[in-house]
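Topology and contacts: notes
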Amino acid sequence: MKKHNYSAGPCILPQEVFEKSAQAVLNFNNSGLSLLEISHRSKDFVAVMEETRALVLELLGLEGKGYQALFLQGGASLEFLMVPYNLMKTDGKAAYLDTGTWANNAIKEAQLFGETIVVASSKEDNYSFIPKGYKVPTDANYFHCTSNNTIFGTQIKSFPELDIPMVCDMSSDIFSRSLDFSKFDLIYAGAQKNMGAAGTTLVVIKEEILNKTGRTIPSILDYGKHIKAESMYNTPAVFAVYTCLLTLQWLKNIGGIAAIEKINEAKANLLYSEVDRNPLFTGTAVVEDRSNMNATFLLTNPEHQEIFDKMWKEAGISGIPGHRSVGGYRASMYNALPLESVQVLVDVMKELEELVSKQ
Ligand SMILES: *Cc1c(COP(=O)(O)O)cnc(C)c1O
């Protein structure tokens, strides 16, 4: 039986993506060949790449606005250094918002390239909130933030208005909510959280921000080279890109980001209402900054852990233990997780309350 999969990533994808991608591995487009054994330069695969890149811009509302979508490798983690390599001037500086482990990793890489100003950090409070009211230096080459903090369960609800390029790591909430994506000059996201199989990273860049650093960039790390090569500078992660295409087609068919946003809000409301109502649970993130993708919560009495763990496992739930830096539980409610799965978890939380009240 299919589990209720709350894994933080790699994670649940739409069932039709699993089925169609499995079919393509066996016999791609009825060609008598597997997706995995054809040239990435073949007509059929070039069409996949082109359609996926176009669909990204269409769904984000960025068509005809000077943006390019690329499918690269090395994970979101490689973007931590590609961003400063391509955007930080040789004698320049960059501004970063420190909202979690991934933001912090991005900061560490930027420091290898030049002056890296941390405009604000919630590290002292174990990243339980999103700092606000910070000032971004107007002479920084760019500002970098992380839209959703996968580990700590916080999400930026309002982004600053800036006159310098804004870069955002959207690995764990891309395509999950409506934003004015044209406010961002560079967006990146590892595929494996809301888009497809692990192995590729989406990078969306406003072309005009490139070529301003005075740096010599190794070819494979140069966004300009990837754009020129139409995201085929080297062999792309063909399977992972194909799964992204299938997921984005699924998203478009159900009504795009606006439609999924409503479902994501319903899922998050259902779970957080129970966390707040049920005296056996408590949330870890400040309420106004709670993530609609990754909900982090604790048992108020750790003695209930054994029984609760047994109960959710028996209900067919998978993947909710929290990250070791927060503990407790983390329910990742990515786009493909159905509302019914959240109801199953909420029902288990209620049953625990009943059981405990009888003891
Ligand atoms: C998972 C994650 C990453 C790391 O992604 P990789 O593809 O494993 O490098 C970076 N940033 C955020 C916000 C993440 O959730």
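Note that the coordinates shown come from a computational prediction; the quantities given were computed from them, not determined experimentally.

Enumeration over the complete set of coordinates arrives at eleven aromatic pairs. Ring centres 5.1 Å apart and planes at 90 degrees place the aromatic pair F308 and Y329 in the edge-to-face group. Of this pair, F308 sits in helix α8 (residues 305-314) while Y329 sits in strand β14 (residues 329-332); the two residues are 21 residues apart in sequence, bridging distant segments of the chain. Owing to a relative accessible area of 4%, Y329 belongs among the buried residues under this scheme.

Membership of the largest hydrophobic core comes to 56 residues, with the highest contact counts inside it found for F45, V56, F143, F175, M195, L202 and V204. Top contributing element to this core by residue count: helix α6 (residues 238-253), with nine residues. Apart from the residues within four sequence positions on either side, F175 is in contact with V56, L59, L60, N194, M195, L202, L248, L251, I257, I260 and N335.

Bringing the pattern of salt bridges into the picture now. Considering all chains together, one arrives at 15 salt bridges under this definition. A salt bridge links K252 to E58, with the nearest nitrogen and oxygen atoms 3.1 Å apart. Highlighted residues: K252 in helix α6 and E58 in helix α2 (residues 43-60), separated in sequence by 194 residues. When the shortest N-O distance is used, the salt bridge between K132 and D289 registers 3.0 Å. Of the two residues, K132 is situated in the loop between β4 (115-121) and β5 (143-146) and D289 in the loop between β11 (281-283) and β12 (294-299); the sequence distance between them amounts to 157 residues. Each of E274, R277, K350 and E353 takes part in one network of salt bridges that share partners.

Okay, the side chain of S147 next. Position of S147 among the secondary structure elements: in the loop between β5 and β6 (148-149). In this structure the side chain of S147 is engaged in a polar contact, spanning 2.6 Å, whose partner is the side chain of D173.

Below, the discussion takes up the side chain of T243. Counting through the fold element by element, T243 comes out in helix α6. If we skip the residues at most four places from it in the chain, T243 touches V17, S21, M195, G196 and A197.

All right, on to unusual backbone geometry then. In this model, G9 is joined to P10 through a cis peptide bond whose omega is -10 degrees. With a phi angle near 65 degrees, N211 is a residue other than glycine that sits in the positive phi range. You can see N211 is positioned in the loop between β10 (201-206) and α5 (223-228). On the basis of relative accessibility, which here comes to 74%, the residue N211 falls in the exposed class.

On to helix α1 (residues 15-26), then. Taking 1.5 Å of rise per residue, twelve residues should cover 16 Å, and α1 covers 17 Å from first to last C-alpha, within 8% of that figure. Turning to α1, its buried residues are V17, S21 and A24. In an axial view of α1, the angular spread of the buried residues amounts to 55 degrees, which keeps them on one side of the axis. Facing away from the buried surface of α1 by more than 90 degrees, the exposed residues are E19 and L26.

So, on to the sheet that holds β4. Strands sit in the order β2-β10-β9-β8-β5-β3-β4 across an open sheet of seven strands; the sheet is mixed. Two strands in the sheet have a free side with no partner beyond their single neighbour: β2 (67-72) and β4. Ignoring which end each strand starts from, the neighbouring axes of this sheet average 20 degrees apart. As judged from the six bridges shared by β2 and β10, these two strands associate in the antiparallel manner. The residue bridging F71 from the neighbouring strand is L202, located in β10.

Rules used in this analysis
- Residues numbered from 1 in each chain as written.
- Predicted model: local features only at pLDDT ≥ 70, side-chain atom pairs only at ≥ 80, totals over all residues.
- Heavy atoms only, no water.
- Phe/Tyr/Trp six-rings, centres within 6.5 Å; stacked < 30°, edge-to-face > 60°.
- Helix = DSSP H or I, 4+ residues; strand = E, 2+ residues; numbered from the N terminus.
- Buried < 20%, exposed > 50% of the residue type's maximum accessible area, 1.4 Å probe, protein only.
- Core = buried A, V, L, I, M, F, W, Y, C linked by side-chain atoms within 4.5 Å.
- Contact = heavy atoms within 4.5 Å.
- Salt bridge = Lys/Arg side-chain N within 4 Å of Asp/Glu carboxyl O.
- Polar contact = N/O pair within 3.5 Å; in protein donor to acceptor, adjacent residues only side chain to side chain.
- Expected span 1.5 Å × (residues − 1).
- Arc of directions from axis to C-beta.
- Pairing = 2+ DSSP bridges.
- Axes fitted to C-alpha atoms, helices over the stretch in contact; angles between N-to-C directions.

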